[in-house]
Amino acid sequence: MREIQYREALREAMTEEMARDSRVFLMGEEVAEYNGAYKVSQGMLERFGPKRVVDTPISETAFSGLGVGAAMYGLRPIIEFMSWSFCLVAADQIINNAPKMLYMSGGQFGVPAVFRGNNGAGGQLGSTHSWSVESMFSSVPGLKMAIPATPYDAKGLLRTAIRDDDPVFFLESERLLGFKGPVPPPEEEYLIPFGQADIKLVGTDCTIVAMGRPIHFALQAALELAKEGIHCEVIDPRTIRPLDIDTIVASVRKTGYLVVVDQSWPFASVASEIAMQVYEQALDDLDNKIIRVNNDDVPAPYNRTLEQEMLPNAKKIYEAVRAVTYNA
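Calculation notes
Residues numbered from 1 in each chain as written. Predicted model: local features only at pLDDT ≥ 70, side-chain atom pairs only at ≥ 80, totals over all residues. Heavy atoms only, no water. Helix = DSSP H or I, 4+ residues; strand = E, 2+ residues; numbered from the N terminus. Rg over C-alpha atoms; globule rule 2.2 N^0.38 Å. Buried < 20%, exposed > 50% of the residue type's maximum accessible area, 1.4 Å probe, protein only. Contact = heavy atoms within 4.5 Å. Areas by Shrake-Rupley, 256 points an atom, 1.4 Å probe, with all protein chains shown as cover. Lys, Arg positive; Asp, Glu negative; His and termini not counted. Charge placed at Lys NZ, Arg CZ, Asp CG, Glu CD. Disulfide = S-S within 2.5 Å. Domains from an automatic or database assignment. Buried area = accessible area lost by both parts, 1.4 Å probe. Salt bridge = Lys/Arg side-chain N within 4 Å of Asp/Glu carboxyl O. Polar contact = N/O pair within 3.5 Å; in protein donor to acceptor, adjacent residues only side chain to side chain.

Peer 1: Could you give me a rundown of the overall build of the protein, with the residues and numbers involved?
Peer 2: Counting its secondary structure elements, the protein contains 12 helices and 14 strands. Taken against the 2.2 N^0.38 rule, which gives 20 Å for 328 residues, the C-alpha radius of gyration of the protein at 20 Å falls within 12% of a compact globule. In terms of overall dimensions, the protein has C-alpha extents of about 60 × 40 × 40 Å along its principal axes. Looking at the 328 residues of the protein, the share that counts as buried comes to 57%. Within the protein, counting contacts between residues at least 6 apart in sequence, those at least 24 apart form 81% of the total. Accessible surface, the protein: about 13,600 Å² in total, of which carbon and sulfur atoms supply 54%. Of the charged side chains in the protein, 31 are positive and 43 negative; the average position of the first set lies 3 Å away from that of the second.

Rendered as structure tokens:
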């Protein structure tokens, strides 16, 4: 193992898959000549050339549609959104066409495309540039969705996504791009199967489910709670579609309590879906209601202090666990 940044893990995954399969190519705004807006694709143009690392116009509608067509033709595009907030203008292409094409064509045309980029608040970017899209798009059948929280998961999940025959929404975080973590060297190939949650921390007193950047807040809260004798089990689903509900339910049956952390707005959120599935399968095992920790139900503020207060954080998770376990 060596310590590399989250962005480096993404780059390695794309580079290794492009070297392995000539059908794979990267396209998006500034991915080539500028080495990526966040330097995720640094050096890839020099290695693979302009036919496989393609700078696009500033039109998500156009290049998303081009990517869907390329995938139907047999290629395997990686389509980068500078921010998932910008994907909304391409909604017809990515959620009305890509996930439904295999079904509507009677199995004749699949769309093996990966749509990837930064999701959620990146830090004082304002309301229209701080969307967390998982709750909006995860309800659409025909697509898969991954939300990696560590460099290890980012690389393993992205390689799996690129090889998948279905469209995959790959939600990264600008705030995590510089985060370092252990990743095997390139000669040790590994894939992380979709629908396989990771238990980040084993515990007995309360289950915390979190995905993406909030998993790090959940771990911080769990460390503080452990000092008080409350030992939490922290689970990262890693993929929302498919969702490994079995691992979550098994943990709840052990601990009796559940807190779900999700950087979507609370109404119709991923946290709501997870809570409902747990209620359906493990109601009798719960010793209290499920508590959700979401973004506040407001547009993301520009002000730094207000933005931090609006988002899930370790303090909110700590307080939620204390409340659900009757320690408030």
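Peer 1: How would you sum up the state of the cysteines? Please name residues and give values.
Peer 2: Here, disulfide denotes a covalent bond that connects the sulfur atoms of two cysteines. Inspection of the entire model under this criterion finds zero disulfides. The cysteine cysteine 206 is free of any disulfide, with cysteine 232 supplying the nearest cysteine sulfur at 4.9 Å. A relative accessible area of 0% means that cysteine 206 is categorised as buried. For cysteine 232, a relative accessible area of 2% corresponds to the buried category.

Peer 1: Before we move on, can you summarise the domain arrangement of the protein with the specific residues and values?
Peer 2: How big an interface is tends to be reported as the loss of accessible area on association of its parts. Here the protein is described as being made up of domain 1 (3-182) and domain 2 (198-324). Across the contact, 30 residues belong to domain 1 and 27 residues belong to domain 2. Counting the surface lost from both domain 1 and domain 2, the interface buries some 2,300 Å², and carbon and sulfur atoms represent 53% of this. It is Gln124, Ile147 and Arg175 that lose the most area in domain 1 upon contact with domain 2, and together they represent 27% of the buried surface on that side. With its nearest N and O atoms 3.1 Å apart, the salt bridge here joins arginine 238 to aspartate 153. Inspection of the domain 1/domain 2 interface yields 14 residue pairs in polar contact (both at pLDDT 80 or more). Counting residues per element, the ones that place at least two in the side of domain 1 that touches domain 2 are helix H6 (134-137), strand E6 (144-146) and helix H7 (151-163).

Peer 1: Break down unusual backbone geometry for me, citing the residues and quoting the values.
Peer 2: A cis amide bond links arginine 241 with the next residue in sequence, proline 242, at an omega value of 0°. Mapped onto the secondary structure, proline 242 falls in the loop between strand E12 (239-241) and helix H9 (245-255). Here the phi dihedral of glutamine 124 falls at roughly 55°; this positive angle occurs in a residue that is not glycine.

Peer 1: Hey, could you go over the environment of arginine 213 for me, with residue numbers and the actual values?
Peer 2: Here arginine 213 shows up in the loop between strand E10 (206-210) and helix H8 (214-226). Every residue in contact with arginine 213, bar those within four places of it in the chain, is listed here: Ser173, Arg175, Leu176 and Leu311.

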